[in-house]
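Per-entry structural report
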Amino acid sequence: MAARKASGKQSAQQEHRLSMSTENYLLSIFRLQEQQPRLSLTQLADHLRTLPVAEGLGTSLPSVSAMIRRMGREGLVESDQNRGVVLTAEGRRSAMSIVRRHRLAERMVVDLLGVDLDKAHVEAHRLEHAISPDLEEKIVAKLGNPKTCPFGHPVPGSGYASPKDAVPLDQSPPGTELVIDRVPEDDQSLLEYMVANNLIPGAVVTIEEAAASRGVITLVCGGRQLAFSYDVASKIWACPS
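The structure presented is a predicted model; accordingly, all values stated were derived computationally and were not measured.

1. Looking at the nonpolar core
- Of all hydrophobic cores here, the largest spans 34 residues; its most connected members are Leu 169, Ile 180, Met 194, Leu 199, Leu 219, Phe 228 and Ile 236.
- Here the element with the most residues in this core is helix α5 (residues 89-111); it accounts for four residues.
- Not counting chain neighbours up to four residues away, the residues in contact with Leu 219 comprise Leu 169, Leu 199, Val 205, Thr 206, Ile 207, Glu 208, Arg 224, Gln 225, Leu 226 and Phe 228.
- Core analysis: the next-biggest nonpolar cluster, separate from the first, contains 23 residues, Val 64, Met 67, Leu 76 and Val 85 among them.

Laid out in structure tokens, this is it:
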């Protein structure tokens, strides 16, 4: 009897998961810090507003500040005026777990279920919290241990590293021909625009104009001329063709 109780207690500990809100915060912090070293509460609040409404997150600055303080007490983040919001070692481990599940879910719904690429990000948000360790193993096996999500971002734990010669489009001079490596997925309307114009990993593009004075970069993709702000272009990475 004692052995069964001990076993049951151990299983319960193994199944312990963070709250959905905490997982969403960890996911957002990790993904933002992939793009920039310093993260402010305002930037985090702005990013949280891009998550599906169904996630039920408070996104006002006071709500975000209160959540970060709570996560600090739980040993997941540290925050100060100089460094901004930073994941602790424990927070990073937990963040990598939820990011891994999110990106595997994106890959699963696209590759196995045929979900349209521009809907994969939202569907993954619905699935990521429910994927158990056992189910995660089966998804990985079924997909053949995918290295990236459909948008080109590394799946944590897969052993994949982004190409060293990848550069953001805002650093590419006119006339450069490039192959898209990864694209942002947080802005749903932007994602739909990129998918509709086939601006996805593997697409070949040519920088046509880089007008810093107007803050606009123009490129050609599949015979179509597309224009982006420098801010958006800084989030689209590509490699020399």
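Having seen it, we continue.
2. Brief notes about the side chain of His 121
- The residue His 121 is located in helix α6 (residues 120-127) in this model.
- On the accessibility criterion, His 121 (2% relative accessible area) is buried.
- Side-chain polar atoms of His 121 contact the side chain of Glu 106, separated by 3.2 Å.
- Aside from chain neighbours lying at most four places away, what touches His 121 is Arg 31, His 102, Glu 106, Phe 151, Glu 185, Asp 186 and Leu 191.

3. Points about the pattern of salt bridges
- All chains considered together, the criterion is met by 16 salt bridges.
- Of the charged contacts, one joins Arg 49 and Asp 46 as a salt bridge, the two residues approaching to 2.6 Å between their closest N and O atoms.
- Residue classification places Arg 49 among the partly exposed positions, given a relative accessible area of 46%.
- Close ionic contact of Asp 111 with Arg 107 constitutes a salt bridge, the shortest N to O distance being 3.5 Å. On the criterion of helical spacing, the pair formed by Asp 111 and Arg 107 is a turn pair, its members being four residues apart in helix α5.
- Here Asp 111 falls in the partly exposed class, since its relative accessible area comes to 42%.
- Overall, the relative accessible area of 16% leaves Arg 107 in the buried class.
- A cluster of three or more residues bridged by salt bridges with shared partners is formed by Arg 31, Glu 185 and Asp 186.

4. Considerations on the pairing of strand β8 (residues 237-240)
- For strand β3 (residues 167-168) and β8, the ladder comprises two bridges, and the chain directions are antiparallel. By the bridge assignment, Val 167 is partnered in β8 with Ala 238.

5. Examining unusual backbone geometry
- Its identity as a non-glycine residue notwithstanding, Asn 145 has a phi of 55°, on the positive side.
- Positive phi outside glycine occurs at Asn 198, with the angle close to 60°.
- With respect to the helices, strands and loops of the structure, Asn 198 is situated in the loop between α8 (188-196) and β5 (204-211).
- By relative accessible area, Asn 198 is classed as partly exposed at 45%.

6. Description of the environment of Glu 208
- Inspection of the secondary structure assignment puts Glu 208 in strand β5.
- Sequence-wise, Glu 208 and Leu 190 are 18 residues apart; in three dimensions their C-alpha atoms are separated by 20 Å.
- Once residues within four sequence positions are removed from consideration, Glu 208 is found in contact with Pro 174, Thr 218, Leu 219, Val 220 and Gln 225.
- In this structure the side chain of Glu 208 is engaged in a polar contact, spanning 2.3 Å, whose partner is the side chain of Gln 225.

7. Topic: the packing of helix α3 (residues 41-48) against helix α4 (residues 61-73)
- At a closest axis distance of 9 Å, the pairing of α3 and α4 adopts a crossing angle of 110°. Judged by the angle between their axes, α3 and α4 are roughly perpendicular. Residues Leu 41, Thr 42, Leu 44, Ala 45 and Leu 48 of α3 pack against Leu 61, Val 64, Ser 65 and Ile 68 of α4.

8. Considering the sheet that holds β3
- Ordered in space as β3-β8-β4-β5-β6-β7, the six strands form an open sheet in which the pairing is antiparallel. Across the chains shown, the open sheet's two edge strands, defined by having one partner strand only, are β3 and β7 (224-229).

9. Quick notes on the packing of aromatic side chains
- Applying the stated criterion across every chain yields a total of one aromatic pair.
- Look at Tyr 193 and Phe 228: their rings are 5.9 Å apart centre to centre, the planes differ by 75°, and that puts the pair in the edge-to-face class. Within this pair, whereas Tyr 193 is found in helix α8, its partner Phe 228 is found in strand β7, the two being separated by 35 residues in sequence.
- Overall, Tyr 193 belongs to the partly exposed group, its relative accessible area being 33%.
- Residue classification places Phe 228 among the buried positions, given a relative accessible area of 6%.

About the criteria used
- Residues numbered from 1 in each chain as written.
- Predicted model: local features only at pLDDT ≥ 70, side-chain atom pairs only at ≥ 80, totals over all residues.
- Heavy atoms only, no water.
- Core = buried A, V, L, I, M, F, W, Y, C linked by side-chain atoms within 4.5 Å.
- Buried < 20%, exposed > 50% of the residue type's maximum accessible area, 1.4 Å probe, protein only.
- Helix = DSSP H or I, 4+ residues; strand = E, 2+ residues; numbered from the N terminus.
- Contact = heavy atoms within 4.5 Å.
- Polar contact = N/O pair within 3.5 Å; in protein donor to acceptor, adjacent residues only side chain to side chain.
- Salt bridge = Lys/Arg side-chain N within 4 Å of Asp/Glu carboxyl O.
- Pairing = 2+ DSSP bridges.
- Axes fitted to C-alpha atoms, helices over the stretch in contact; angles between N-to-C directions.
- Parallel < 35°, antiparallel > 145°, perpendicular 65-115°, else oblique.
- Phe/Tyr/Trp six-rings, centres within 6.5 Å; stacked < 30°, edge-to-face > 60°.

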